[in-house]
Amino acid sequence: MAALQAAATAGFTRITLDSAQAAEPNAEPAAEPDAVDNAPAIVVGSGYGAAVAALRLGQAGIRTLVLEMGRLWNTPGSDGKVFCSTNAPDQRSMWFRTRTEAPLASFLWLDVVNRDISRYPGVLDRVHFADMSVFVGRGVGGGSLVNGGMAVTPLRSYFAEQFPTVDAAEMYGTYFPRARAMLGVNTVDPAWFEATDWYRFTRVSRKHAQNAGLRTTFVPNVYDFGYMQREAAGTAPKSALAGEVIYGNNQGKRSLDRTYLASALGTGNVTIHTLEKVRAISRAADGTYVLTADRIDTTGNVVETKQYGCTYLFLGGGSLGTSELLVRARETGTLPALNASVGAGWGTNGNVMLGRANHLWDTVGANQSTMPVMGIDDWANTANPVFAEIAPLPMGLEHWVSLYLAITKNPQRATFTYDAASGTVKLGWSAAQSAVSVGMAKKLFDRINAANATIYRYDLFGGAGKVFADDFTYHPLGGCVLGRATDDYGRVKGYSRLYVTDGSLVPGSIGVNPFVTITALAERTMARVLAEDTAP
Ligand code: FAE
């Protein structure tokens, strides 16, 4: 697919291309542009960790190539929109599927949520392992294209517990503020929040939490709340107020293609190749890293296998992508010096989704914004630490459901192993490990139900009345944990000039939604690496 040239300007504008075919959903691939076979630096992926690496390398004047397996999302399809909506998903919704696989499987036990679609490199993927599936974003911007935008800085004491070797003062004084500023974090206007129909569902859940003696807290977001207010006023096209989120937002959200990546391209030193999946990494005799990447077309066929060489290699394929590449490299002997911690320390951030059934008089509203702005914060409860995001369920009708994504302090961890027969990795996470998260979420929500004389919803997650969706996570973390698989700055142990900058550095749990932490850690890594490792 096309090499994207430096056609973007900094700020919150979408990336523009010199090659429009790269983003047209139904377009045939055009002629191959000049390939960049060697670059001083290569970044794998274009999510949070990768985007920080690309920008800081570009600013340092280092020519950098970004390889992303998904497409660039910037050109409208035949309906005039870049992304499809959650209520009418089409091929743009999911990564090479014939049917969508939304987190909510059913409503009133009916199979009304998912739709048949045609195979295409859609923006949301659900990667299945034996007892756990993982939702990830695919495209230029990674998870930022599909996530709920909740931009939460972890509790300092818990950050210090998870990262004992990282200087917390420096993180909270420098790197978290830097990450928040670059990501465009903002907060909902409390007066508007209290008055608008669009957050009635949140106010109802707040009341129920307070009835149980629990604390709620506003949560910042990267969705532009000024824009959202204009949506509500009818003066701007609706996005968050039109049910858009997990299959992409057409407006309002400051995804990475509008922030870090736009600025990275603006340096003139960064090029992005899309629809190219890195499959193997090895090292040449002169110390150069050699990457093998499959270029796919929009049907998923491999149309070319390319080789790239670089001096500095930054892995930002996310917890799954980076762990898979490094475990494969170790086990197939292409990077044999990788240590045993590569592939270990993986966790779900304790994710559990659940719904409660409200009384008929406690309406949550047919109008719901897709951007969460509040959490129930019981993390300080050492007996049962839980932080639960009050999640929207925008169905355009009153359904009396209060939905939550609970983040629990589940200490369980898993390891990726290499399966030589398939050439892929397996994840050793078991259902019993998820049961630990369920136990914690249940304790908290049993309290809320008892205080409000309410019950759980049994109709949302398919099967025989499943209440707790414990078989998927939005927050895959770990696999190349900081200080174990890497040094304290993300330098992979056993190899020089090889770095990890993404969620695989986080040891399985961070207690809140993770992307601000991932971004801030990547900023810290890049500051150190550019100061120490790239000097002539
Ligand atoms: P990530 O953003 O996953 O980016 C990895 C990129 O690398 C992707 O674009 C991949 O396509 C690409 N890639 C992977 N392997 C390869 C390869 N071999 N070759 C080429 N490219 C490759 O990584 N977090 C929050 O903090 N707040 C939220 O509100 C929130 N809501 C979420 C909602 C949903 C539905 C989902 C799925 C996630 C949510 N998250 C949220 C999680 C957040 O998006 C996630 O932690 C970050 O995106 C992870 O960032 P990384 O840099 O690790």
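Procedures and definitions
- Residues numbered from 1 in each chain as written.
- Predicted model: local features only at pLDDT ≥ 70, side-chain atom pairs only at ≥ 80, totals over all residues.
- Heavy atoms only, no water.
- UniProt positions renumbered as here; feature names shortened; annotations may be inferred.
- Helix = DSSP H or I, 4+ residues; strand = E, 2+ residues; numbered from the N terminus.
- Rg over C-alpha atoms; globule rule 2.2 N^0.38 Å.
- Contact = heavy atoms within 4.5 Å.
- Areas by Shrake-Rupley, 256 points an atom, 1.4 Å probe, with all protein chains shown as cover.
- Lys, Arg positive; Asp, Glu negative; His and termini not counted.
- Charge placed at Lys NZ, Arg CZ, Asp CG, Glu CD.
- Core = buried A, V, L, I, M, F, W, Y, C linked by side-chain atoms within 4.5 Å.
- Buried < 20%, exposed > 50% of the residue type's maximum accessible area, 1.4 Å probe, protein only.
- Patch = residues over 30% accessible without salt bridge, like charges linked within 9 Å, V, L, I, M, F, W, Y side chains within 5 Å.
- Salt bridge = Lys/Arg side-chain N within 4 Å of Asp/Glu carboxyl O.
- Pairing = 2+ DSSP bridges.
- Expected span 1.5 Å × (residues − 1).
- Near = heavy atom within 4 Å.
- Polar contact = N/O pair within 3.5 Å; in protein donor to acceptor, adjacent residues only side chain to side chain.
- Nonpolar A, V, L, I, M, F, W, Y, C, P; charged D, E, K, R; others polar.
- Axes fitted to C-alpha atoms, helices over the stretch in contact; angles between N-to-C directions.
- Parallel < 35°, antiparallel > 145°, perpendicular 65-115°, else oblique.
- Left-handed = near helix turned anticlockwise from the far one by under 90°.

- The protein chain carries the name Cholesterol oxidase in an unreviewed UniProt entry, which gives Streptomyces phaeoluteigriseus as its organism.
- Per UniProt, the protein chain has the following entry under Cofactor (unreviewed entry): "FAD".
- Annotation of the protein chain in UniProt includes, under Pathway (unreviewed entry), the sentence "Steroid metabolism; cholesterol degradation."

**With respect to the overall build of the protein chain**
Next up, step 1: The number of helices and strands found in the protein chain is 10 helices and 22 strands.
Next up, step 2: Over its C-alpha trace the protein chain gives a radius of gyration of 22 Å, about what one expects of a compact globule, namely 24 Å for 536 residues.
Next up, step 3: With respect to the principal axes defined by its C-alpha atoms, the protein chain has extents near 70 × 50 × 45 Å.
Next up, step 4: Put simply, 73% of the contacts in the protein chain that link residues at least 6 apart link residues at least 24 apart.
Next up, step 5: As displayed, the protein chain offers around 18,300 Å² of accessible surface, 53% of which is attributable to carbon and sulfur atoms.
Next up, step 6: Of the side-chain charges in the protein chain, 47 are positive and 47 negative, and the distance between the mean point of each set is 4 Å.

**So, the nonpolar core**
Next up, step 1: Among the nonpolar cores identified, the biggest contains 88 residues, and Leu-291, Leu-313, Phe-314 and Leu-326 are the most heavily contacted of them.
Next up, step 2: The residues touching Leu-313, leaving out its near neighbours within four places in the chain, are Ile-42, Val-44, Ile-281, Tyr-289, Leu-291, Arg-497, Leu-498 and Tyr-499.

**A look at a nonpolar patch on the surface**
Next up, step 1: A surface patch of nonpolar side chains, about 620 Å² in accessible area, is lined by Leu-108, Trp-109, Leu-110, Val-112, Ile-455 and Tyr-458.
Next up, step 2: For Tyr-458, the position within the fold is in the loop between strand S18 (455–456) and strand S19 (468–469).
Next up, step 3: You can call Tyr-458 partly exposed: its relative accessible area is 39%.

**Considering the sheet that holds strand S20 (residues 472–473)**
Next up, step 1: If you trace the three strands from one edge of the open sheet to the other, you get S4-S5-S20, paired in mixed fashion. The open sheet terminates on both sides in strands that have one partner only, identified here as strand S4 (124–128) and S20.
Next up, step 2: Sheet analysis places S4 next to strand S5 (residues 133–137), joined by five bridges and oriented antiparallel. The residue of S5 that forms the bridge with Leu-124 is Gly-137.

**Here we look at helix H1 (residues 48–59)**
Within an α-helix, residues lying three or four positions from one another point in the same direction, as the helix has 3.6 residues per turn.
Next up, step 1: Along its 12 residues, H1 runs 17 Å from first to last C-alpha, staying within 8% of the 16 Å computed at 1.5 Å per residue.
Next up, step 2: With 11 of 12 residues buried, H1 is to be regarded as a mostly interior element.
Next up, step 3: Among the residues making up H1, those that are buried are Tyr-48, Gly-49, Ala-50, Ala-51, Val-52, Ala-53, Ala-54, Leu-55, Arg-56, Leu-57 and Gly-58.
Next up, step 4: Positioned one or two residues after H1, Gly-61 has a phi angle of 85 degrees, which is positive.

**Here we look at the pairing of strand S9 (residues 289–296)**
Next up, step 1: For S9, the tally of buried residues reaches seven of eight residues, placing the bulk of the element in the interior.
Next up, step 2: Bridge analysis of strand S8 (residues 276–283) against S9 gives seven bridges, and the strand direction is antiparallel. Note on S9: the bridge partner recorded for Ile-281 is Leu-291.
Next up, step 3: Between the antiparallel neighbours S8 and S9 lie five residues, among them Gly-287 with a positive phi of about 90 degrees.
Next up, step 4: Taken together, the eight bridges between S9 and strand S10 (residues 302–315) define a ladder with antiparallel strand orientation. Bridge pairing in S10 places Val-290 opposite Gly-309.
Next up, step 5: The hairpin turn running from S9 into S10, its antiparallel successor, is five residues long, and Gly-300 in that turn takes a positive phi close to 95 degrees.

**A look at the site of the ligand**
Next up, step 1: Surveying the vicinity of the ligand reveals 37 residues, the closest of which are Glu-68, Gly-143, Met-150, Gly-503 and Phe-515.
Next up, step 2: In the environment of the ligand, an oxygen atom lies 3.0 Å from a nitrogen or oxygen atom belonging to the backbone of Gly-49.
Next up, step 3: Backbone polar atom of Phe-515 to an oxygen atom of the ligand: 2.8 Å apart, as the coordinates give it.
Next up, step 4: Here the ligand loses 96% of its free accessible area of 1,000 Å² to cover by the protein chains.
Next up, step 5: Mapped onto the shell around the ligand, the elements with two or more residues apiece are H1, S5, S8, helix H8 (318–331) and helix H10 (515–532).
Next up, step 6: For the shell around the ligand, the class distribution of residues is 14 nonpolar, 18 polar and five charged.

**What about the packing of helix H3 (residues 168–183) against H10?**
Next up, step 1: Contact geometry for H3 and H10: axes closest at 8 Å, N-to-C directions at 110 degrees. With respect to each other, H3 and H10 are oriented roughly perpendicular. H3 and H10 meet at a crossing whose hand is right-handed. Seen from H3, the contacting residues are Glu-170, Met-171, Tyr-175, Phe-176, Arg-178, Ala-179, Arg-180, Met-182 and Leu-183; seen from H10, they are Phe-515, Val-516, Thr-517, Thr-519, Ala-520, Leu-521, Glu-523, Arg-524 and Ala-527.
Next up, step 2: Residue composition of the contact of H3 with H10, by class: 11 nonpolar, two polar and five charged.

**Some remarks on the pattern of salt bridges**
Next up, step 1: Counted according to the given criterion, the structure contains 27 salt bridges.
Next up, step 2: The residue Arg-92 makes a salt bridge to Asp-79 at a minimum N-O spacing of 2.7 Å. One end of the pair, Arg-92, is in the loop between strand S3 (64–67) and S4; the other, Asp-79, is in the loop between S3 and S4, with 13 residues separating them in the sequence.
Next up, step 3: Arg-330 is the partner of Glu-331 in a salt bridge, and the nearest nitrogen-oxygen pair spans 2.7 Å.
Next up, step 4: When salt bridges that share partners are traced, they join Asp-487, Arg-491, Arg-528, Glu-532 and Asp-533 into one network.

**Observations concerning H8**
Next up, step 1: Taking 1.5 Å per residue as the helical rise, H8 with its 14 residues ought to reach 20 Å, and the 20 Å between its terminal C-alpha atoms agrees with that figure.
Next up, step 2: The element H8 is largely enclosed, with a buried count of 11 among its 14 residues.
Next up, step 3: Within the sequence span of H8, burial applies to Ser-319, Leu-320, Thr-322, Ser-323, Glu-324, Leu-325, Leu-326, Val-327, Arg-328, Ala-329 and Arg-330.
Next up, step 4: Looking one or two residues past H8, Gly-333 carries a phi angle of roughly 80 degrees, positive in sign.

**Observations concerning the side chain of Arg-203**
Next up, step 1: Along the chain, Arg-203 falls in helix H5 (residues 200–211).
Next up, step 2: Although Arg-203 is buried, it makes no salt bridge; Glu-194 carries the closest opposite charge, 4.7 Å away.
Next up, step 3: Once residues within four sequence positions are removed from consideration, Arg-203 is found in contact with Phe-193, Glu-194, Ala-195 and Thr-196.

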